[in-house]
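Fold and contact review
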Amino acid sequence: MGRTQSLMREGHVLAGAPSQRLALESDALPSFDAKLAQADMYPLRAGVVDILQINVGKVCNQTCAHCHVDAAPDRKESMSREIFEQCLYVIAANDIPIIDITGGAPELNPHFRWFVESVSALGRRIMVRCNLTIIVSNPKYHDLPSFYARHNVEVVASLPFYSASRTDAQRGEGVYEASIRALALLNDVGYGKPDSGRLLNLVYNPAGAFLPADQAGLEAQFKRELRAKHSVEFNQLFCIANMPISRYLEYLIRTGNYESYMRRLVEAFNPAAVAGVMCRNTLSVAWDGRLFDCDFNQMLEMSPNGPSHIKDFDSDRLRGREIATGRHCFGCTAGSGSSCGGATV
Ligand code: SF4
Ligand code: SF4
């Protein structure tokens, strides 16, 4: 039986960011900064903000086993109209080309559609991280594919595997079947079809305590299987490593896999992947407007060196800031690297 509620609702000790940070630092493994220094790459510094990644809240219609947000239907945190307006002001006043909207299930935020329409009117590239099942969960979301198409939204959709057993084990009973129905609706309006200009990218993450396999090979397999079994098309597959944060950290500790997984990440440290880590060109905004170097630092409540709220956004002060790092960062630099856009090398 899969997870039915958030760590927060359970009152689990790892629901708190300080206890997660403590768990990550409580063993004999090297620090991320020491590895960076060995590779002559310390400190890690941010460049220009190309991507504003806005996490609009922790409310979700799913309760996936590995969620690094600890999102679930029982969560209440959701971005207010006031914070959305502050984000919009920053987007309009600055030359940030890409707006990446995530959650939870971002579509559950009552201001979501207004915000997408407003950003689209500013002519920016919009990405939405969609869990797919939201589209078929309720008739009021059935028009999301055409809404996305109207506003040139790029859809980044989670699908851990092309089989029901592996997907449902990670994301919940019936998720695979609902995801395939949603993918068909997206395909119906042109998403994922060659030359349609409507981008539909899928996200794969491993089911257990191991690193993702080769991205190009897995993408070919996903394309072959989804086409043959369901006539589903998509553009690219992004392979993302599971980050040792929140529910995945809880899973690693509970199953006795924590130390071996962390050791695997440390041993697979790839200096070439450091250049592609997303904190170098992305700034993360939390539901309450706080700023972080990335969505993972947001969950660990590691404040950035610089402005700490969207209302204080200042591109000059953010550029060149030293990024706040920790052991979880090994998840971004192992093997082929891992970012919101998949492998980085
Ligand atoms: S769909 Fe995404 S945000 Fe929701 S519980 Fe699953 S991993 Fe977390
Ligand atoms: S976890 Fe965040 S701060 Fe650390 S390397 Fe990855 S993107 Fe950068």
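Right, let's talk about the overall build of the protein chain for a bit. What the protein chain contains, in helices and strands, is 16 helices and eight strands. Relative to the compact-globule value of 20 Å for 345 residues, the protein chain shows a C-alpha radius of gyration of 19 Å, a close match. Dimensions of the protein chain, computed from the C-alpha atoms along their principal axes, are close to 50 × 45 × 40 Å. Within the protein chain, the fraction of its 345 residues that count as buried is 48%.

The subject of this paragraph is the packing of helix α8 (residues 164-171) against helix α9 (residues 175-188). What describes two packed helices is the angle between their axes and the distance between those same axes. The geometry of α8 relative to α9 is characterised by a closest axis approach of 7 Å and an angle of 105° between their N-to-C directions. If you check the angle between α8 and α9, you find them roughly perpendicular. Residues Ala164, Thr167, Asp168 and Arg171 of α8 form the contact with α9, whose own contacting residues are Val175, Tyr176, Glu177 and Ser179. Classifying every residue of the contact of α8 with α9 by side-chain character gives three nonpolar, two polar and three charged.

Now for the site of ligand 2. Neighbouring ligand 2 are the residues Val277, Met278, Cys279, Asp293, Cys294, Phe296, Asn297, Ile323, Thr325, His328, Cys329 and Cys332. Taken together, the residues of the shell around ligand 2 break down into eight nonpolar, three polar and one charged.

Taken in spatial order, the eight strands line up as β6-β5-β4-β3-β2-β1-β7-β8 in an open sheet, and their pairing is mixed. With one partner strand each, in any of the chains shown, β6 (237-239) and β8 (291-292) form the two edges of the open sheet. Each of β5 (200-204) and β6 is contacted by helix α10 (residues 215-230), which is oriented at about 135° to β6, the strand it contacts most.

On to the nonpolar core, then. In terms of nonpolar packing, the biggest core is built from 99 residues, with Leu52, Cys87, Val128, Leu132, Val155 and Ala157 touching the most fellow members. Broken down by element, the residue count for this core peaks at seven residues, all from α9.

The set of residues buried in helix α12 (residues 258-267) consists of Tyr258, Tyr261, Met262 and Leu265. Projected onto a plane normal to the axis of α12, the buried residues spread over an arc of 95° and lie on a single side. Turned more than 90 degrees away from the buried face of α12 sit Ser260 and Glu267, all of them exposed. Considering only its buried residues, α12 is in contact with α11 (246-254) and α16 (330-333).

This next bit is on unusual backbone geometry. In this model, Tyr42 is joined to Pro43 through a cis peptide bond whose omega is -5°. As for its placement among the helices and strands, Pro43 is situated in the loop between α3 (32-38) and β1 (51-55). Although it is not a glycine, Glu301 adopts a positive phi angle of roughly 50°. With respect to the element layout, Glu301 can be found in the loop between α14 (295-299) and α15 (315-318).

Analysis parameters
Residues numbered from 1 in each chain as written. Chains lettered and ligands numbered in written order. Predicted model: local features only at pLDDT ≥ 70, side-chain atom pairs only at ≥ 80, totals over all residues. Helix = DSSP H or I, 4+ residues; strand = E, 2+ residues; numbered from the N terminus. Rg over C-alpha atoms; globule rule 2.2 N^0.38 Å. Buried ≥ 20, exposed ≤ 12 C-beta atoms within 10 Å, placed from the backbone. Axes fitted to C-alpha atoms, helices over the stretch in contact; angles between N-to-C directions. Parallel < 35°, antiparallel > 145°, perpendicular 65-115°, else oblique. Contact = placed C-beta atoms within 7 Å. Nonpolar A, V, L, I, M, F, W, Y, C, P; charged D, E, K, R; others polar. Near = placed C-beta within 6 Å. Pairing = 2+ DSSP bridges. Core = buried A, V, L, I, M, F, W, Y, C linked by C-beta atoms within 7 Å. Arc of directions from axis to C-beta.

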